[in-house]
Amino acid sequence: MAQKSNKIINKQKAELRTKSKISILVPPRIQFWIIFILFIATTLLFFWDQLISKAFFWEDITELWYPFQTFAAREFSKGVIPFWNPYIFSGMPFLADIEVGFFYPFNRLLSLFVDSNGHVAIWFIQFSIIIHFLIAQLAMYSLTRYWKISHIGSIIASVSFAFSLILVCHVIHPMILFHFAWFPFVLMLFIKGIEQRKIKYSILASWFLALSMLAGHPQSTLYESIMLGIVLLWYYVAGVKNKELKGRTNLKFIICGVLPFVISVGMFSIQLLPSRELASLAQRQDISYEKATEGSLEMKQIFTSIVPDLFGSIDGKSFKERNFTYHLEGSAYYNYWETAYYFGIAALLLGFIGLLHRYKTKEGILFIIVIVFSLLYSFGKNFFLFELFYKLPLFEYFRMPARMMFYLVLVFSVLAGFGFDALWNHPKDSKTLKKLIIITIIPLFIAILTATGAISGMLDTPEQFEGIVKNAGLVALAFIVAIFIVSAMINQQILKPGIGGGALILITILDLFVAGSPFNRNPDNPEKAYSINSETKKLFTAKPPKDLFRVSIRLYQDGIIAMTRNQGMIDKIMTTDGYNPLVLKRGTAPAPRLKTVHDFNNVRYAILKDSIKKDYRFFEYGPYFPRVWAVHKAIVMNSDEVFHEMKTKEHDYKNEVILEETPAFTLSGTKTDSIPERVQCIRYENNNFEYKVSLKEPSIVFFSEIWYPAWKAYIDGKPAKVYRANYCFRALAVPAGNHNIEMKYESDTFFAGMYISAITLILSIITLIICLIAEKKKEKES
């Protein structure tokens, strides 16, 4: 036994003597301004076509982001906070919609670029998205440099992270991209805070976390919180194990770990509280397990870390022409961008090298935990872990579990930096070279199988797509060979780390450019999707306060839509339709006939089928229902009975109203045809309006305005109860006589959130200043 031990010791001594004879070639230090320029250059390279208006972002950018940000910017440029959006779905909350991201600073900067027509040019909207790829690179660079990764290793990590497909493919969902871009900053400051037990870093981490939360994607916020929770728990366990956390130190660690969560939630309250109120009244409140598991990663998609287009691809142009090659069996087309996560061959190979060199360290074990958790959770319905989380509070509201792959991408990007440093730090080391060879064999084998077409038979690739898959395999094969050769030459000191590292950076940029840049190249300018005839626009635009009406642009039963769904927000046309993932449960009135629905909604123009010409065109209703009218009869019934009653029975809604509470006084029941009441709008704005009424007897004044708890009513300056009427509209009980009625959007949740956010921000600033003063004082004393 002693002889064997001596042999091992002698072997280790021999290796050390050999290493001592080899001088380590250190990669050059690079000035930050050069790195900054490089990151700008990579961002320009990836999005040059968008910046010169040759190509455009698509999907939800056209349908949702462009109209929403245009509306928000236009209103804010006038000094108005857009609480209510009157232009879609007959009106719905706007600021409370968390995905609008109204308080996110980059969104609000768009208000500076509103033109004379009240529009924001798509160039500015795209630029505000593109800038986040620069932020993502800078954020990752700050994280890797904190972990003392070399400059070149940090650049490889930053490029791999920022231009991975999970970021590039979520350009069409900017709020997700914004979360991802800021997270490395959050993580760096969070770890710095708990490692050094300094509250100032925890406060800074909370500010960046709150900033990303304001971008407006609750699922990403939840996933960020999970990751930070894992980091906190692991660092605490490691600290206790190493006997670093005792007494006061233990308390400081807990404070520094918990503070970012408390402060960020407090600062986010201005958006959180109104959004929770809206969520409680929205249709997407409950999602079935089957729905939640949409966008689950299939186990065979692990191979897309080597060949990103193994199951085909979708880009802006192919999607427009409906000839994309995505062919993963049983998956909807959007599963392509929801499960795409490719982060480059260099990050994959170097990442494994980094992991093998650091798996015993505190960070290395954390990386393994995050990789395993992210992967198993992302499998969704294909593994039991997601189902366990689905049963927990909050998780049941979200779909697309593969979005958790973001954290695997982040970790592998960081490990790629460590892996690069391991190559030059262990020169001519046979173990490192063997690790590189072993790690390369599997990706090389997969690429060869793909390039030769052998894998197509295993994966049941449709025959018409086999050539595309083969080409993808050849591309992957070329990158694997190139990265292996350069990495081996760095390790064997055939190439200097600076030159070899530069080559790896270039290969990484090229690899990710080939894989991801086509996705965001759509030939159609979103502005053109909203281009309508000037005469049509003039005809369909209401002119408040005297001329108020809505336009129905969609015929659901025939699948006909006459304009882009959110046209109203761009051109100030009040429509009964729109597009928003979050719509009110009670946002549409039930009725046996379409005409009745149009009457409720104050529709003047509607797209209908011409029974003679057998085509579709807009018709103008002759006598159409006004925006507001008074009735003398109320039918009161339980809330759960209203929908069935209105859906199955006809009512004379011109003369009666269905309420869910008994009004404050008795009504005569007479028809308003015999006793006409005068109702006149004297002011109409998005967040408030005013009417004058002259009533001969007590009446229920019905408003063709969607009911929402934040709307408050005042009769002659005194608060009045707003009744829910005809399932989803508003009504007031008004006594006889001449009265002034005013309705205002006054959200209690918004003001409560605003005060909490303001107090939290002020207290955190004061605490930070105190920490900085105390730190300076301590430095002087020492």
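Everything quoted here is computed from the prediction, not taken from an experiment.

Peer 1: Can you lay out the packing of aromatic side chains for me, pointing to particular residues and giving the numbers?
Peer 2: Across all of its chains, the model carries 80 aromatic pairs by this definition. Residues tryptophan 123 and phenylalanine 127 carry aromatic rings whose centres are separated by 5.2 Å and whose planes lie at 5° to one another, so their mutual orientation is stacked. Taken as a pair, tryptophan 123 and phenylalanine 127 lie in helix H5 (residues 122-146) at a separation of 4 residues, close to a single helical turn. Residue classification places tryptophan 123 among the partly exposed positions, given a relative accessible area of 30%. With a relative accessible area of 37%, phenylalanine 127 lands in the partly exposed category. Where phenylalanine 702 meets phenylalanine 729, the ring centres are 5.5 Å apart and the plane angle is 65°; that geometry is what we call edge-to-face. Residue phenylalanine 702 is found in strand S13 (residues 699-706), and its partner phenylalanine 729 is found in strand S17 (residues 729-734); the two are separated by 27 residues along the sequence.

Peer 1: Please give an account of the pairing of S17 that cites residues and values.
Peer 2: Burial analysis of S17 places 6 of its 6 residues in the buried class, the great majority of the element. Burial along S17 is two-sided: Phe729, Ala731 and Ala733 and Arg730, Leu732 and Val734, pointing in opposite directions, are all buried. Pairing analysis gives 6 bridges linking S13 to S17, with the strands arranged antiparallel. Bridged to serine 699 within S17 is valine 734. As defined by bridge partners, strand S16 (residues 723-725) adjoins S17 across 3 bridges and the pair is classed as antiparallel.

Peer 1: Describe the packing of helix H18 (residues 405-425) against helix H21 (residues 466-491), listing the residues and the values that go with them.
Peer 2: Between H18 and H21, the least distance of the axes is 7 Å, while the angle of their chain directions is 45°. Here H18 is positioned oblique relative to H21, judged by the angle of their axes. For the pair H18 and H21, contact is made by Phe420, Leu423 and Trp424 and by Ser487, Ile490 and Asn491, respectively. Here the residues of the contact of H18 with H21 sort into 4 nonpolar, 2 polar and no charged.

Peer 1: Please set out the sheet that holds strand S7 (residues 616-620) residue by residue, giving values where relevant.
Peer 2: Strands sit in the order S3-S6-S7 across an open sheet of 3 strands; the sheet is mixed. In the strand order of this sheet, the two ends are held by strand S3 (550-552) and S7, each with one partner. Put simply, the sheet's adjacent strands are angled 20° from each other on average, direction ignored. Pairing analysis gives 5 bridges linking strand S6 (residues 603-609) to S7, with the strands arranged antiparallel. Bridging from a neighbouring strand, leucine 608 pairs with arginine 617 of S7.

Peer 1: Describe the sheet that holds strand S18 (residues 737-745), listing the residues and the values that go with them.
Peer 2: Reading across from one edge, S11-S12-S18-S14-S15 is the order of the 5 strands in this open sheet, with antiparallel pairing throughout. Whereas interior strands pair on both sides, the edge strands pair on one side only; in this sheet they are strand S11 (678-684) and strand S15 (718-720). Strand-to-strand twist in this sheet, taken as the mean axis angle between neighbours without regard to direction, amounts to 30°. In terms of strand pairing, strand S14 (residues 711-715) meets S15 through 3 bridges, oriented antiparallel. Each residue of the ladder has a partner; that of tyrosine 714, found in S15, is proline 719.

Peer 1: Now, about a nonpolar patch on the surface: what can you tell me, with residues and values included?
Peer 2: Judged by side-chain polarity, Phe751, Tyr755, Ile759, Ile762, Leu763, Ile766 and Ile770 come together as a nonpolar surface patch covering roughly 710 Å² of accessible area. With respect to the helices, strands and loops of the structure, phenylalanine 751 is situated in helix H28 (residues 748-781).

Peer 1: Lay out helix H3 (residues 60-77) in plain terms, naming residues and giving numbers.
Peer 2: An α-helical turn contains 3.6 residues, so a residue and the one three or four places further along point in the same direction. Between its first and last C-alpha atoms H3 spans 24 Å; for 18 residues at 1.5 Å apiece the expected length is 26 Å, and the two agree. Its maximal kink placed at tyrosine 66, H3 deviates by approximately 25°, while the proline proline 67 follows within four residues. Of all 18 residues in H3, 15 are buried, a share of seventy percent or more. Two residues or fewer past H3, glycine 79 is found with a positive phi of approximately 85°.

Peer 1: Quick one: what's the story with the pattern of salt bridges, residue by residue and with numbers?
Peer 2: Counted by the stated rule, this structure contains 29 salt bridges. In this structure, the salt-bridge partner of arginine 565 is glutamate 63, at a minimum N-O distance of 3.3 Å. Residue arginine 565 is found in the loop between strand S5 (560-561) and helix H25 (567-571), and its partner glutamate 63 is found in helix H3; the two are separated by 502 residues along the sequence. For glutamate 63, a relative accessible area of 23% puts it in the partly exposed group. Across the pair lysine 198 and glutamate 775 runs a salt bridge whose closest N-O atoms are separated by 3.9 Å. With lysine 198 in the loop between helix H8 (174-196) and helix H9 (199-214) and glutamate 775 in helix H28, the pair connects residues that are 577 residues apart, well separated along the chain. Each of Arg683, Glu690, Glu742 and Lys744 takes part in salt bridges that share partners, so that together they form one network.

Rules of the game
Per chain, residues are indexed from 1 in the order of the written sequence. Local features in this predicted model are restricted to residues whose pLDDT is 70 or higher, and side-chain atom pairs enter the listing and the counts only when it is 80 or higher, whereas totals over whole chains, interfaces and linings include all residues. Values shown for side chains rest on all heavy atoms present in the structure; no hydrogens or waters enter the calculation. Aromatic pairing here means that ring centres of Phe, Tyr or Trp (its six-membered ring) are within 6.5 Å. Orientation follows from the plane angle: under 30 degrees is stacked, over 60 is edge-to-face, and everything else is tilted. Counting from the N terminus, the helices are the DSSP runs of H or I reaching at least four residues and the strands are the DSSP runs of E reaching at least two. Exposure classes here rest on a 1.4 Å probe applied to the protein chains alone. A residue is buried below 20% of its type maximum, exposed above 50%, and partly exposed in between. At least two bridges found by DSSP between two strands is the condition for calling them paired. Only the stretch in contact is used when fitting a helix axis, every axis being a line fitted to C-alpha atoms; angles between N-to-C directions are given from 0 to 180 degrees. Reported orientations rely on four angle classes, namely roughly parallel under 35 degrees, roughly antiparallel over 145, roughly perpendicular from 65 to 115, and oblique for the rest. Residue contacts are defined here by distance: any two heavy atoms, one from each residue, within 4.5 Å place the two residues in contact. Here the nonpolar group is Ala, Val, Leu, Ile, Met, Phe, Trp, Tyr, Cys and Pro; Asp, Glu, Lys and Arg are the charged ones; every other residue, Gly included, is treated as polar. Patch membership requires more than 30% relative accessible area and the absence of a salt bridge. Residues of like charge join within 9 Å; the nonpolar side chains Val, Leu, Ile, Met, Phe, Trp and Tyr join within 5 Å. Accessibility throughout is a Shrake-Rupley quantity obtained with a 1.4 Å probe, and a residue counts as covered only by protein chains that appear here. Salt bridges, as used here, are contacts in which a Lys or Arg side-chain nitrogen is within 4 Å of a carboxyl oxygen on Asp or Glu. The length a helix should cover is 1.5 Å for every residue beyond the first. At every residue, the bend is computed as the angle between two fitted axes, covering the seven residues ending there and the seven beginning there respectively.

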